[in-house]
Amino acid sequence: MTRPFPPLQTISTGLVVAVVGFFSSFPIVLQGLSVMGATAPQAASGLMSAALAMGITAIVLSLLYRQPISVAWSTPGVALLAVSVLPAGGFAEAAGAFVCAGALTVLAGMWQPLARLASAIPTTLAQAMLAGVLLPLCIAPFQAAAELPTQALPVILTWFIAGRFNRLFAVPAAVIAAAIVVILNASDTGIAPDQVLTAPLWITPTFSLASAIGIGVPLFVVTMATQNIPGIAVMRSFGYEPKPGPLFASVGAASILTAPFGAAATCLAAITQAMCSNEDSHPDPSLRYWSAIMAGVFYCILGIFAAAITGFAAHADPLLMATLTGVALMGVLANATHAALAVAEEREAAVITFAITASGITVFGLGAAVWGLLAGGIVYLLSRKTS
């Protein structure tokens, strides 16, 4: 039977999870949507929709299964968008690709062969593709430090120093530092946002084969390989027995429903999943699901104020936002690089995947991530046949 009220410890855990999950990666979401052609109001709508999707989905799934099911937006997925080419049809075509990625996730949850196919992609190659996507973004802070040192360096130093004490709060600390920099460099007109509450904006999705293959499929692959599948593994490591199929289908459905409002991809969480599932969440494992529920509540509250957050960020220098995005992804890049090179026999294929993806090439309308994974996969298969 569900408790009528959450334990106090799970409320505080949920708040920490929401703060870490939201403020550690919202700059990446905004940058990814912007590259896809979103206007400021559309980006605010997308940020709000993504936050509401992860919040509501986490609440419903955690209540339904009585397990701490933490849900997130796909940070690797929006990082992929940030280095992708703007679709010919603009943000409407990008929204169509988001729908395709969500539909593939639903299909993976309902049809085991597709789930097995996604799981069969070598972890080293998936992580190498992710590392290649992240490299240009993680270089940006140091380029910004050379061009705009008075604004970029305080953010980098705050991130680095805060990380010596607590890595989870390194990026939120950098966000605070960036906010102070924006305030100190504000013009006489001020930095108050045009609106505080966010209005959802409908973007009618348009579909093209090029965007479905070039954006939708890589978004599906990177989200499954780096978020959904690891999220299930994290839950199992803490003694829970989630049902992967229904969970994949649920986050995929959430992605489809919110794509027309600008959200890219909803998925199972990995890092915040561990925060909700461990003993610090609550001593009683049967009550830890309340932490995921409370995190979902706080995500929804933050999402409602997405317009204010986006409006404030609009006053920041683009180099400052690039710095914030880069430091937020630095830990993800380190983990992806380590995982990509973990297996000696697969390093050649992983390096090829990484190099092609990082090159940023576009051939026949398909982006570097697709070509990197294809080339790396061919090398991987050939090396296994000759070994």
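Residues numbered from 1 in each chain as written. Predicted model: local features only at pLDDT ≥ 70, side-chain atom pairs only at ≥ 80, totals over all residues. Heavy atoms only, no water.

Colleague: Talk me through unusual backbone geometry; I want residue IDs and the actual numbers.
Modeller: Phi angles above zero are rare outside glycine, and Arg66 is one such case at about 55 degrees. You can see Arg66 is positioned in the loop between helix H3 (40-65) and strand E1 (71-73). A relative accessible area of 38% places Arg66 in the partly exposed class. (Helix = DSSP H or I, 4+ residues; strand = E, 2+ residues; numbered from the N terminus. Buried < 20%, exposed > 50% of the residue type's maximum accessible area, 1.4 Å probe, protein only.)

Colleague: I'd love a proper account of empty space enclosed by the protein, names of residues and values included.
Modeller: Within this structure, the stated rule accounts for two cavities of 30 Å³ or more. Quantified by volume, the largest cavity comes out at close to 50 Å³. Taken together, Val29, Leu33, Gly46, Leu47, Ala50, Trp73, Val78, Gly262, Ala263, Ala264 and Ala265 form the lining of the largest cavity. Mapped by element, the contributors of at least two residues to the lining of the largest cavity are helix H2 (26-35) and H3. By residue number, the principal contributor to the lining of the largest cavity is H3, which donates three residues. By volume, the second largest cavity amounts to about 40 Å³. Along the walls of the second largest cavity sit Ala101, Gly102, Thr105, Leu219, Phe220, Thr223, Ser255, Ala265 and Thr266, which together make up its complete lining. When contributions to the lining of the second largest cavity are tallied by element, the ones reaching two or more residues are helix H5 (90-110) and helix H10 (209-237). Of the residues assigned to the lining of the second largest cavity, the class counts are four nonpolar, five polar and no charged. (1 Å grid on protein atoms, 1.4 Å probe; cavity = no way out; pocket = protein on both sides within 12 Å on 5 of 7 lines; lining within 4 Å. Points joined across faces, edges and corners; volume = space filled by probe spheres on them. Nonpolar A, V, L, I, M, F, W, Y, C, P; charged D, E, K, R; others polar.)

Colleague: Pulling in residues and values, what's your account of a nonpolar patch on the surface?
Modeller: There is a patch of nonpolar side chains on the surface, built from Leu153, Leu157, Phe160, Ile161 and Phe165 and spanning about 550 Å² of accessible area. Following the sequence through the fold, Leu157 ends up in helix H8 (residues 149-165). (Patch = residues over 30% accessible without salt bridge, like charges linked within 9 Å, V, L, I, M, F, W, Y side chains within 5 Å. Areas by Shrake-Rupley, 256 points an atom, 1.4 Å probe, with all protein chains shown as cover. Salt bridge = Lys/Arg side-chain N within 4 Å of Asp/Glu carboxyl O.)

Colleague: Any chance you could break down the packing of helix H4 (residues 75-82) against helix H7 (residues 123-147) for me, citing the residues and the numbers?
Modeller: Direction vectors running N to C along H4 and H7 enclose 60 degrees, while the axes themselves pass 9 Å from each other. As summarised for this structure, H4 and H7 are arranged oblique, according to the angle between their axes. With respect to the hand of their crossing, H4 and H7 are arranged in left-handed fashion. Across from Pro76, Ala79, Leu80 and Ala82 in H4, the residues of H7 making contact are Leu130, Val133, Leu134 and Leu137. Residue classes in the contact of H4 with H7 are distributed as eight nonpolar, no polar and no charged. (Axes fitted to C-alpha atoms, helices over the stretch in contact; angles between N-to-C directions. Parallel < 35°, antiparallel > 145°, perpendicular 65-115°, else oblique. Left-handed = near helix turned anticlockwise from the far one by under 90°. Contact = heavy atoms within 4.5 Å.)

Colleague: Which residues make up the packing of aromatic side chains, and what are the values?
Modeller: Throughout the structure, instances matching the rule amount to seven aromatic pairs. With centroids separated by 5.4 Å and ring planes inclined at 85 degrees, the aromatic side chains of Trp202 and Phe261 adopt a geometry described as edge-to-face. Placement of Trp202 in the loop between helix H9 (170-184) and H10 and of Phe261 in the loop between helix H11 (244-258) and strand E2 (266-268) is noted, with a sequence separation of 59 residues between them. The rings of Phe22, Phe23, Phe26 and Trp73 are connected pair by pair, giving a single aromatic cluster. (Phe/Tyr/Trp six-rings, centres within 6.5 Å; stacked < 30°, edge-to-face > 60°.)

Colleague: Which residues make up the confidence of the model for the protein chain, and what values do they have?
Modeller: Taken residue by residue, the protein chain gives an average pLDDT of 89. The fraction at 70 or more is 96%. Averaged pLDDT values over the elements of the protein chain bottom out at 79 in helix H6 (residues 112-120) and peak at 96 in H5. (pLDDT = per-residue confidence, 0-100.)

Colleague: Tell me about the side chain of Gln67, residues and numbers included.
Modeller: With respect to the element layout, Gln67 can be found in the loop between H3 and E1. You can call Gln67 buried: its relative accessible area is 14%. Sequence-distant contacts of Gln67, that is, excluding residues within four places in its chain, are made with Ser62, Met235, Tyr240, Glu241, Pro242 and Tyr289.

Colleague: I'd like a description of the environment of Leu80, backed by residues and values.
Modeller: Along the chain, Leu80 turns up in helix H4. The class for Leu80 is buried, based on a relative accessible area of 5%. In contact with Leu80, not counting residues within four places along its chain, are Val133, Pro218, Leu219, Val222 and Ala369.

Colleague: Describe in detail the layout of surface pockets, supporting the description with residues and values.
Modeller: One number sums up the size of the largest pocket: a volume of about 960 Å³. Lining the largest pocket are 37 residues, and of these Ile271, Ala328, Gly331, Val332 and Asn335 sit closest to its centre. With nine residues, the top contributor of residues to the lining of the largest pocket is helix H15 (residues 318-340). Across the lining of the largest pocket, the residue classes break down as 24 nonpolar, 11 polar and two charged. Volume-wise, the second largest pocket comes out at about 390 Å³. What lines the second largest pocket is a set of 19 residues, and nearest its centre among them are Ile121, Val217, Val221, Leu373 and Leu374. Mapped onto the lining of the second largest pocket, the elements with two or more residues apiece are H6, H7, H10 and helix H17 (368-386). With seven residues, H17 is the single largest residue contributor to the lining of the second largest pocket. Considered class by class, the residues forming the lining of the second largest pocket number 18 nonpolar, one polar and no charged.

Colleague: Lay out the nonpolar core in plain terms, naming residues and giving numbers.
Modeller: In summary, soluble globular proteins display a tendency toward joint burial of nonpolar side chains. Of all hydrophobic cores here, the largest spans 107 residues; its most connected members are Phe22, Phe26, Leu47, Trp73, Phe91, Phe98 and Phe220. In terms of residue count, the dominant contributor to this core is H7 (11 residues). Beyond its immediate chain neighbours, meaning those up to four positions away, Phe26 contacts Leu47, Trp73, Val175 and Ile309. Formed by five residues, the second largest nonpolar core is a distinct cluster that contains Ile59, Leu287, Tyr289 and Trp290. (Core = buried A, V, L, I, M, F, W, Y, C linked by side-chain atoms within 4.5 Å.)

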